[in-house]
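Examination of the molecular architecture
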Amino acid sequence: MAQSNWSTPKNRRFAWLHQITSTIVRFLRQIHQWINPGNKPAPPAESVDQLETIPAQSFLARVALAEQQTPLVAAPDPNDPRYANNRATYETEKKAYETALQARGAAVAQVVATCLRTQPLEMLQELLEQPREAMPVFKPIVGPAVVVRHAHVIKCLERTDLFTVDPYAPEMARANDDQARNPEQSPPFMLGTDKEEWYLPDDILLRRFVSRQDEKILAALARQEAEYWTQQAKEKGEGEFDFVPTIARFVPLRIVSDYLGVPFYATGQPACLPDLRGGESFPLDDALKQVFTFQRIQAGKVPTADDLYNWVKDAFRNIFNNSNPADPLFTQFRQQGLEATEYLTAYIHELVKHFKAQLEQGENVPDTMLTRLVRLQLSLADTQQAAALEQEFAAVLGRPLPAGELGRRLSDAYIRTNVFGTAVGAVVNPEEASARIVDSILSLKEGKYEGINGSSYQHLQAMAKVPVDSPQAAESLKIVRQYALEGLRLEPQGEVLPRRCVQDNTELDGVLIQRGTTVFVAYAAAMRDPEATPNPLAFDFTRNEDAVPYQHNGTRAKEAPQSRLYLQHGYGRHKCLGRYASEITMQESLRALLRLGDLERRSALQMDAQNLYAVSLRVGFNS
């Protein structure tokens, strides 16, 4: 057997595990309604949580056994003449077909879900090692597709006309105003849509204010926060600290606070909102209650660091990791997510209102994403500035915006939704990414990975210790970044990105994917595909990132080229809006930790009970 390209780090997560069951259920319902439109849908497949008795064998063998044990029957044609005078026979055969289809769907879902829960890396590697001519894509008769090969992953991420982000949309839209109360606001945050008329204006707008031009600002924020925590660790004198709840968590929290514009405060610390302190409550604004339905909270709150972290984590989990109603924790996580969404909505609303008033009075305000959007909103009052902005958008889009669209995109409601969506994605992902990078670097030191082309823990530490005012600083920081990206390639956060096929007979290497199919795009496997990444298990900080421009003659003219090797931040249209902040967070967090001294692992990386979020990684240091 070929040498595996996967290591087996503990506590891996698969964020979209339960999407499988709901996909099967939707597919079964679609088939049922096609056979007999107007009838009630077939009952849902059994929960994968109730099906854990799969034999201990390879993934594909388990799938084959499940299919063998659940044979399908032919679908009856309602127009077949033999049913003309015998509808009872048709109904009986239709029921038999539906029952067989549902049994097959439940059995395959059982296998896929269990393997992704318990052995995701082994499962993806097994698929990657299948001869390409025999199985270019995993696509069972019933169930989701799993895409592992680099070329296919790139196509799925790049072709938003074929594979969309629709699975994100329903829960993401909960941060919007109620459409019945505010018909002007219907698109979700841009991560949850691929409709051109919804996506492009917000994409242009937000990338204007979250861009690589802010790299120096972001580096200063990240470095200051990371070095604060390393100094705290030194002063304690224990020679050991927990990386996750300190540097990994607070560097992205600081960026959300001071760069995106959603600040947290210590309990009792005066807040930017008048006459309020950290941890204190404020009444919900009547104007907001006119357009946004609050179901879980009676008052807003100025967040402490713990509050803001928990709000972001709970909202993120509900949007991205809570898709199976049969999960025993589904309701709890849904309610926590809704509560977090309401707290964030109320707080961001107050921030927008406060800073708008200050700007209107000519006062100085912090320079953040939020205040930049408010400034631009206020500039529309100037006819010349509004016309210039309209022309700028028309030049990028190749067509003018509909009348009034720019004002709508810069309304308080849209600013609130866009700040919410950006903040929610800006903490738990980089927190886990930084933790996995440190775990990977410690593994490099321990000999778990072969370092090639000069890659070594000692080399990385030497680069981290170069002072920021040294002539070699720029080059050393670049190398630290490369080590961080390579470490995350070997130990990525999550394994897949979900997409939905929206066009019948979409082809991937001869395999047809039907409209409505959920496609799990395994970017973690693509980064290990030997056809694209030579010697994929080795640690090589000198790898060619294969960076290519994306839409550089259009909507992304100012964006840095996108790597086709390092896919942790996605690729194509939905390349992470916070990619610059995230990479700087990883770079500065790793650099600060290495400057403590010689590092030593004191624990494995620990995840939470659901295997979704990093909890702890204890690191010793000898300064």
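Just so it is clear, the structure is predicted and the values come from calculations on it, not from any experiment.

Analysis parameters
Residues numbered from 1 in each chain as written. Predicted model: local features only at pLDDT ≥ 70, side-chain atom pairs only at ≥ 80, totals over all residues. Heavy atoms only, no water. Helix = DSSP H or I, 4+ residues; strand = E, 2+ residues; numbered from the N terminus. Buried < 20%, exposed > 50% of the residue type's maximum accessible area, 1.4 Å probe, protein only. Areas by Shrake-Rupley, 256 points an atom, 1.4 Å probe, with all protein chains shown as cover. Salt bridge = Lys/Arg side-chain N within 4 Å of Asp/Glu carboxyl O. Contact = heavy atoms within 4.5 Å. Pairing = 2+ DSSP bridges. Axes fitted to C-alpha atoms, helices over the stretch in contact; angles between N-to-C directions. Core = buried A, V, L, I, M, F, W, Y, C linked by side-chain atoms within 4.5 Å. Parallel < 35°, antiparallel > 145°, perpendicular 65-115°, else oblique. Left-handed = near helix turned anticlockwise from the far one by under 90°. pLDDT = per-residue confidence, 0-100. Phe/Tyr/Trp six-rings, centres within 6.5 Å; stacked < 30°, edge-to-face > 60°. Expected span 1.5 Å × (residues − 1). Arc of directions from axis to C-beta.

1. Let's talk about the overall build of the protein chain
A count of helices and strands for the protein chain gives 21 helices and 15 strands. Within the span of the protein chain, comprising 623 residues, buried residues form 59% of the whole. Counting only carbon and sulfur atoms, one obtains 49% of the accessible surface of the protein chain, whose full area is about 25,600 Å².

2. Notes on the pattern of salt bridges
Tallying each qualifying case throughout the model produces 44 salt bridges. Where Arg543 meets Glu486, a salt bridge forms, and the shortest distance between an N and an O atom there is 2.8 Å. You can see Arg543 sitting in the loop between α20 (523–526) and β10 (547–548) and its partner Glu486 sitting in helix α19 (residues 473–490), a full 57 residues away along the chain. Here Arg543 matches Glu486 in class, with each residue buried. Ionic contacts of the salt-bridge type, sharing partners, join the residues Asp203, Arg207, Arg556, Glu559 and Arg579 into one network.

3. Side note on helix α5 (residues 150–158)
For α5, the full list of buried residues reads His150, His152, Val153, Ile154, Cys156 and Leu157. Where α5 is buried, its residues contact β1 (145–147), β2 (163–164), β6 (497–501), β7 (506–508), β9 (518–521) and α20.

4. Details of the sheet that holds strand β12 (residues 598–601)
Strands sit in the order β3-β15-β12 across an open sheet of three strands; the sheet is antiparallel. Because the sheet does not close on itself, it has two edges, and the strands there are β3 (240–242) and β12. With direction set aside, neighbouring strand axes in the sheet form an average angle of 30 degrees.

5. Some words on the nonpolar core
One finds Val262, Leu308, Tyr347, Leu373, Val519 and Leu590 to be the most contacted residues of the largest nonpolar core, which totals 148 residues. The contacts of Leu590, once residues within four sequence positions are left out, are Ile437, Val438, Ile441, Leu460, Val480 and Ala484. Within the second largest apolar cluster, 21 residues are counted, among which are Phe59, Leu60, Ala66 and Phe520.

6. Here we look at the sheet that holds β1
Strand order in the open sheet formed by four strands is β1-β9-β6-β2, and the pairing between neighbours is mixed. Because the sheet does not close on itself, it has two edges, and the strands there are β1 and β2. Bridge count between β6 and β9: four bridges; the pairing is antiparallel. Bridge pairing links Arg499 to Val519 in β9. α5 rests against β1, β2, β6 and β9 of the sheet, and its axis sits at about 125 degrees to β9.

7. Here's the deal with the packing of helix α9 (residues 244–260) against helix α21 (residues 579–594)
The contact between α9 and α21 brings their axes to 10 Å, and the two run at 140 degrees. If you check the angle between α9 and α21, you find them oblique. You can see that α9 and α21 cross each other, and the crossing is right-handed. Contacts between α9 and α21 pair Ile247, Val251, Pro252 and Ile255 from the former with Ala581, Thr585 and Ser589 from the latter.

8. Here we look at the environment of Asn322
Topologically, Asn322 is positioned in the loop between α11 (305–320) and α12 (330–360). The contacts of Asn322, once residues within four sequence positions are left out, are Arg317, Leu329, Phe330, Phe333 and Arg334.

9. Structural notes on the packing of helix α17 (residues 428–446) against α21
Contact geometry of α17 with α21 gives a least axis separation of 10 Å together with a crossing angle of 45 degrees. By the angle between their directions, the pair α17 and α21 is classed as oblique. By crossing handedness, the relation of α17 to α21 is classed as right-handed. Of the residues in α21, those in contact with Pro430, Ala433, Ser434, Ile437, Val438 and Ile441 of α17 are Ser582, Thr585, Met586, Ser589, Leu590 and Leu593.

10. Describing unusual backbone geometry
Phi angles above zero are rare outside glycine, and Asn453 is one such case at about 55 degrees. Inspection of the secondary structure assignment puts Asn453 in the loop between α17 and α18 (457–464). For Asn453, a relative accessible area of 53% translates into the label exposed.

11. Structural notes on the side chain of Gln358
Along the chain, Gln358 turns up in helix α12. Once you skip the residues sitting within four places of it in the chain, Gln358 turns out to touch Glu363, Asn364 and Val365.

12. Some details on the confidence of the model for the protein chain
Where the model shows low pLDDT, its predicted coordinates should not be examined in detail. The predicted model of the protein chain has a mean per-residue pLDDT of 87, with 89% of residues at 70 or higher. Under a pLDDT of 50 for its full length, residues 1–55 has, in the predicted model, 156 contacts with residues more than four places off or in other chains.

13. A few points about the packing of aromatic side chains
Enumeration over the complete set of coordinates arrives at 11 aromatic pairs. Between the aromatic rings of Trp229 and Phe250, the centroid separation amounts to 4.9 Å while the plane-to-plane angle is 40 degrees, which identifies the pairing as tilted. Of this pair, Trp229 sits in helix α8 (residues 215–236) while Phe250 is found in helix α9, placing the two residues 21 residues apart along the sequence. What makes Phe250 buried here is its relative accessible area of 15%. Between the aromatic rings of Tyr483 and Phe541, the centroid separation amounts to 4.8 Å while the plane-to-plane angle is 10 degrees, which identifies the pairing as stacked. Of this pair, Tyr483 sits in helix α19 while Phe541 sits in the loop between α20 and β10; the two residues are 58 residues apart in sequence, bridging distant segments of the chain. Across this residue pair, the class does not change: Tyr483 and Phe541 are buried.

14. Structural notes on the environment of Ala557
Within the secondary structure, Ala557 is located in the loop between β10 and β11 (562–563). Distance in space between the C-alpha atoms of Ala557 and Val396 is 8.8 Å, their sequence separation being 161 residues. With residues up to four places along the chain from it excluded, the contact list for Ala557 reads Gln551 and His552.

15. Examining helix α14 (residues 383–397)
End to end, α14 covers 21 Å across 15 residues, agreeing with the expected 21 Å (1.5 Å per residue, within 8%). When α14 is considered as a whole, its buried residues turn out to be Ala386, Leu389, Phe393 and Leu397. In a view along the axis of α14, the buried residues occupy a sector of 65 degrees, so they form one face of it. Away from its buried face by more than 90 degrees, α14 exposes Gln384, Gln391 and Ala395.

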